[in-house]
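Secondary and tertiary structure notes
This is what each chain is made of:
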Amino acid sequence: VSELRDHLASAAAGRPLSLHLAPGVSFHLGGRPIIIGPAMHVTLWSEGEGATLDAGGRGRVVEVSGGGQLTMSRVHLKGGRIEGHAVHGGCVYMGLDAANRFAFASGRISQCVAVGSDSAAGGGVYVGGGEATLTNTTISGTTASSDSGYADGGGVFVDGGAATLTNTTISG
């Protein structure tokens, strides 16, 4: 995982990054999400059975903010968990910037939760701004729940911006 983070640091310097993740490999994030911020243009891809980014129930998997752009293909996101007062995005959080981009294809988003004492939205994916595109994707076992009962979008919640889902299944 530290090597993956080192590569991502080069994208923070404004250089586009395309990184191949070995199929069948699971990257355990250790409570630190992959953060795609301003001026970052990152592509993470795998092949065959794909690679997995696993938060292990200790935080989100991915955050996209400040106009960052993230493209993923044949990558599986799992084990995201965010807790607090008003929370958004158990696995994927897209901040409020209209320039944010998240493209996800031929992968799975699973076992992710957003748990809020007051509110929760987007157990799997939360879109606060920008554009999210999910193609040939399965979202399963993701939930949003709150003590107050205000919870929306166990799979996907679009609060601002836009989301396009093509050949995408959302279940339990």
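Notes on the structure follow.

Conventions used here
- Residues numbered from 1 in each chain as written.
- Predicted model: local features only at pLDDT ≥ 70, side-chain atom pairs only at ≥ 80, totals over all residues.
- Heavy atoms only, no water.
- Helix = DSSP H or I, 4+ residues; strand = E, 2+ residues; numbered from the N terminus.
- Rg over C-alpha atoms; globule rule 2.2 N^0.38 Å.
- Buried < 20%, exposed > 50% of the residue type's maximum accessible area, 1.4 Å probe, protein only.
- Contact = heavy atoms within 4.5 Å.
- Core = buried A, V, L, I, M, F, W, Y, C linked by side-chain atoms within 4.5 Å.
- Polar contact = N/O pair within 3.5 Å; in protein donor to acceptor, adjacent residues only side chain to side chain.
- Salt bridge = Lys/Arg side-chain N within 4 Å of Asp/Glu carboxyl O.
- Phe/Tyr/Trp six-rings, centres within 6.5 Å; stacked < 30°, edge-to-face > 60°.
- Pairing = 2+ DSSP bridges.
- Axes fitted to C-alpha atoms, helices over the stretch in contact; angles between N-to-C directions.

**Quick look at the overall build of the protein**
- When helices and strands are counted, the protein shows one helix and 21 strands.
- A compact globule built from 172 residues would reach a C-alpha radius of gyration of about 16 Å, and the protein, at 15 Å, matches this within 12%.
- Dimensions of the protein along its principal axes, counting C-alpha atoms only, are 45 × 30 × 30 Å.
- Across the 172 residues that make up the protein, the buried fraction comes to 46%.

**As for the environment of glycine 90**
- In this fold, glycine 90 is placed in the loop between strand E9 (81–88) and strand E10 (92–94).
- Spatially, the C-alpha atom of glycine 90 lies 20 Å from that of arginine 74, the residues being 16 residues apart in sequence.
- Ignoring anything within four residues of it in the chain, the contact list for glycine 90 reads Gly59, Arg60, Val61, Gly80, Arg81, Ile82, Cys112, Val113, Ala114, Gly122 and Gly123.

**Notes on the nonpolar core**
- Val42, Leu44, Leu53, Leu70, Met72, Leu77 and Ile109 are the most contacted members of the largest nonpolar core, which totals 36 residues.
- For this core, the leading source of residues is helix H1 (residues 2–12), giving three residues.
- The residues contacting leucine 77, other than those within four sequence positions of it, are Leu53, Val61, Val62, Met72, Cys91, Val92, Phe104, Arg108, Ile109 and Ser110.
- Core analysis: the next-biggest nonpolar cluster, separate from the first, contains five residues, Ile82, Val87, Ala120 and Ala144 among them.

**Structural notes on the side chain of arginine 60**
- Tracing the chain through its elements places arginine 60 in the loop between strand E5 (51–54) and strand E6 (62–64).
- Among the polar contacts listed, one links the side chain of arginine 60 to the side chain of glutamate 63, at a separation of 3.2 Å.
- For arginine 60, the side chain forms a polar contact with the main-chain oxygen of histidine 88, separated by 2.6 Å.
- If sequence neighbours within four positions are ignored, arginine 60 has contacts with Pro33, Ala55, Arg81, Ile82, His88, Gly89, Gly90, Cys91 and Tyr93.

**A few points about the pattern of salt bridges**
- Within this structure, the stated rule accounts for three salt bridges.
- Ionic pairing is found between glutamate 63 and arginine 60, a salt bridge with its closest N-O pair at 3.2 Å.
- Owing to a relative accessible area of 14%, arginine 60 belongs among the buried residues under this scheme.

**Brief notes about the packing of aromatic side chains**
- Going through the model one piece at a time under the given rule, you end up with three aromatic pairs.
- A centroid spacing of 5.6 Å and a plane angle of 5° characterise the contact between tyrosine 93 and tyrosine 126, whose relative ring orientation is stacked. One end of the pair, tyrosine 93, is in strand E10; the other, tyrosine 126, is in strand E14 (residues 125–127), with 33 residues separating them in the sequence.
- An aromatic cluster of at least three residues, connected via ring pairs, comprises Tyr93, Tyr126 and Phe157.

**A short note on the sheet that holds E6**
- Within the open sheet, the five strands sit side by side as E3-E6-E10-E14-E19. Their pairing is parallel. Where the open sheet ends on each side, the last strands, each with one partner, are strand E3 (34–36) and strand E19 (156–158). Averaged over all pairs of adjacent strands, the angle between strand axes in this sheet comes to 5°, irrespective of strand direction.
- Note: E3 against E6, three bridges, orientation parallel. Opposite isoleucine 34, over in E6, you have valine 62 as the bridge partner.

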